[in-house]
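So you can see what is in the structure, the chains are spelled out below.
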Amino acid sequence: MIRVGFILNFQDKEWIGGINYYHSLIDTVMSMPDRKIEPVIFTGTRSDLPFLNDYPNVEIVRTKIFDRPLSFARVGILKLLSYDLILEQLLKKHCIDVLSHSGYVFHDASIPTVGWVPDFQHKHLPGFFSEREVRARDIAFEKICRLCSFTIFSSSNAKEDAEEYYPKYKSRYEVLHFVSAPMSPNDVPDISILKGKYPISEPYFLIPNQFWVHKNHRVVLEALKILHSQKKRVRVICTGNIHDYRNPEHYNSLIEFATQSGVSDEFTVLGIIPYPDLIGLMMHSVSLINPSFFEGWSTTVEEAKSWGLPIILSNIPVHREQNPAGGIYFNPEDAESLANCMWKLWTSGGVCDRDLKITSAKRELNIQKLEFGKQYENIILKTINSGSKKP
């Protein structure tokens, strides 16, 4: 069995997309028939990742080297020497064969590494980042591409970006399209239970995205305003973290716009909710909406694919690459186009049959997960066969 190490030391609510990604990857690895990979998760003594409780058979190593102040000392050594000596000793102690998705150890380390770059949003939308953050991402991503044995990208679009920005290392680039790993369809809560917990009524659209600027909730509010002016009333429910660390006032500005536009009653925000409830809301919605200006590989779109749900989505390249069956595309800067898409679905008969969605999920999900697992396993095998030296 190949022991593959992952460093997961972020807070559960800070990066929901990342949490979903790792949840999906670990779930897929553990469910592979005749699996060749044994995941080992390294985390700090104070970290809280509840989804790890779903995998009691996964080895979890809690260590103070990821806690302050030791983590600062470790980062200092890494910056000074480009060599994570403390991490290398930890990985050797636990007989790790490959470090995955967690940066690099050293350009010539005995333990090969598989890096992960989700996307290059800071290159395409630099206005959404501070100059300092843009520089930091440039430095970090270049080092990952240069120093890791192989680098994984979540989309072909991101890989093409890397080939443009860092062409010297393109022979070591791999694409891994992650697949959503939802709960059992039979465990999805009924709409009556959800109505008892949340201030919702049917029918409704659902946006399960965090309230970050690039997620583009504003265009949905503008579409609601257009429909409202035409005396066409629809409902939109939103879930996800309401805090954008890059723009702390973003959420408040959206709520203010909704109030001024007279659509507050048509725009309900539930915040972060338990995953089963989220899936339940998805299953009973008229459609999901993802109006984002940019994505690495959208979890929302993958959820729609896994459950066989309708989705209205922006026509950005990654969404086209994800290619959900029955997806309806619109220009993310064109609120009128979105309003037309929403009204068309709203008046077409409402929610699809739940049993049909569950049947579709059962039929397709295992096939998708198997392909995802095989792709990842092949990357790990290629990394092992390449040795610690870069190809």
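Description of the structure in this document. Numbers given for residues are sequential positions, taken from 1 along each chain in its written order. The model is predicted, so local features are restricted to residues of pLDDT at least 70 and side-chain atom pairs to those at 80 or more, both for listing and for counting; the totals for chains, interfaces and linings are taken over all residues. Just so you know, side-chain values use all the structure's heavy atoms and leave hydrogens and water out.

1. Focus: the sheet that holds strand β11 (residues 287-290)
Test applied: The pairing criterion for strands is at least two bridges between them, as found by DSSP. Counting from the N terminus, the helices are the DSSP runs of H or I reaching at least four residues and the strands are the DSSP runs of E reaching at least two. Only C-alpha atoms enter the line fits that serve as axes; for helices the fit covers just the stretch in contact. Angles between N-to-C directions range over 0 to 180 degrees. Should any heavy atoms of two residues lie within 4.5 Å, those residues are considered in contact.
Strand order in the open sheet made by the six strands is β10-β9-β8-β11-β12-β13, with parallel pairing throughout. If you trace the sheet from one side to the other, it starts and ends with β10 (267-271) and β13 (328-330), each paired once. On average, each strand axis in the sheet is tilted by 25° relative to the strand beside it, whichever way the strands run. For strand β8 (residues 205-207) and strand β9 (residues 236-239), the ladder comprises three bridges, and the chain directions are parallel. Bridging across to β9, Phe205 finds its partner in Val236. Against the sheet, helix α13 (residues 335-346) contacts β8, β9, β11, β12 (311-314) and β13, and its axis sits at roughly 160° relative to β13.

2. Considering the pairing of strand β6 (residues 150-153)
Worth spelling out the cut-off: Only protein chains enter the accessibility calculation, which uses a 1.4 Å probe; a residue is then buried when its area is under 20% of its type maximum, exposed when over 50%, and partly exposed in between.
Along β6, one buried face is formed by Phe150 and Ile152 and the opposite face, lined by Thr151 and Phe153, is buried too. Sheet topology note: the strand β5 (residues 113-117)/β6 ladder contains four bridges and is parallel. Opposite Trp116, over in β6, you have Ile152 as the bridge partner. Across three bridges, the pairing between β6 and strand β7 (residues 173-175) is parallel.

3. Let's talk about helix α6 (residues 156-165)
Threshold: Of all possible arcs, the one meant is that of the directions from the helix axis to the C-beta atoms.
For α6, the set of buried residues is Asn157, Ala158, Asp161 and Ala162. All buried residues of α6 lie within an arc of 140° about the axis, which places them on one face of the element. Of the surrounding elements, those touching the buried residues of α6 are α4 (121-124), β6, β7 and α12 (317-322).

4. Concerning unusual backbone geometry
The amide bond that connects Arg68 to the next residue, Pro69, takes the cis arrangement and shows omega of 5°. Among the structural elements, Pro69 can be located in the loop between β3 (59-62) and α2 (70-81). Here the bond from Glu202 into Pro203 is cis, since omega is -10°, no more than 30 degrees from zero. Mapped onto the secondary structure, Pro203 falls in the loop between α7 (191-197) and β8. With a phi angle near 55°, Asp34 is a residue other than glycine that sits in the positive phi range. Note that Asp34 resides in the loop between α1 (16-31) and β2 (37-43). In this structure Asp34 comes out as exposed when scored by relative accessible area, which is 73%. With a phi angle near 55°, Cys95 is a residue other than glycine that sits in the positive phi range.

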